[in-house]
Amino acid sequence: AKKMIQCNHDLEESTKLRKVSYEQAHQLRIVAKGIRVAITSIAADATKKVQSTCAIITEEIIIRFRKEVQLRVDEAKSKFAHQMQHEISTLTKTHDTEKQLLEKKI
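Residues numbered from 1 in each chain as written. Predicted model: local features only at pLDDT ≥ 70, side-chain atom pairs only at ≥ 80, totals over all residues. Heavy atoms only, no water.

**Some points on the overall build of the protein**
Helices and strands together make up the secondary structure of the protein, namely one helix and zero strands. Scaling as 2.2 N^0.38, a compact globule of 106 residues should have a C-alpha radius of gyration of about 13 Å, whereas the protein reaches 45 Å, well beyond that. In the protein, buried positions account for 0% of the 106 residues. (Helix = DSSP H or I, 4+ residues; strand = E, 2+ residues; numbered from the N terminus. Rg over C-alpha atoms; globule rule 2.2 N^0.38 Å. Buried < 20%, exposed > 50% of the residue type's maximum accessible area, 1.4 Å probe, protein only.)

**Things to note about the environment of Glu13**
Note on placement: Glu13 falls in helix H1 (residues 2-105). Here Glu13 falls in the partly exposed class, since its relative accessible area comes to 34%. Linking Glu13 and Asp96, residues 83 residues apart in sequence, is a C-alpha distance of 122 Å.

**Regarding the pattern of salt bridges**
Inspection of the entire model under this criterion finds two salt bridges. We note a salt bridge from Glu60 to Arg64, for which the minimum N-O separation is 3.1 Å. Here Glu60 and its partner Arg64 are both found in helix H1, four residues apart, which amounts to about one turn of the helix. Exposure remark for Glu60: the relative accessible area of 37% places this residue in the partly exposed category. Judged by relative accessible area, which is 57%, Arg64 ranks as exposed. (Salt bridge = Lys/Arg side-chain N within 4 Å of Asp/Glu carboxyl O.)

**Quick word on a nonpolar patch on the surface**
Taken together, Val31, Ile35 and Ile39 make up a surface patch of nonpolar side chains, about 280 Å² in accessible area. The topology assignment puts Ile35 in helix H1. (Patch = residues over 30% accessible without salt bridge, like charges linked within 9 Å, V, L, I, M, F, W, Y side chains within 5 Å. Areas by Shrake-Rupley, 256 points an atom, 1.4 Å probe, with all protein chains shown as cover.)

**Details of the environment of Ser41**
Tracing the sequence through the fold places Ser41 in helix H1. Owing to a relative accessible area of 37%, Ser41 belongs among the partly exposed residues under this scheme. In the structure, Ser41 is positioned 51 residues away from Thr92 in sequence and 75 Å away in space, judged by C-alpha atoms.

Structure below.
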């Protein structure tokens, strides 16, 4: 009878332990799910921040590139205008000289 009572007691303890283990496992699954949700949310936020930062950097690069291109275009225009003024001046002088020579001949 003592062994029977001890076996019954051991069986009850074993059942209680299984029940506790099952509940702990269930709680761990809930915690794990929460962690997965949090990680997914953090990753999504980080992705948005990286995309936003990349967009800002890209826009800044484009602005700087446009400024640099405009600066070089302006420099080229200035050089071209100066060169054209020089050419016109040279042609005008040549024309004036030829005109004076023709007037002297006449």
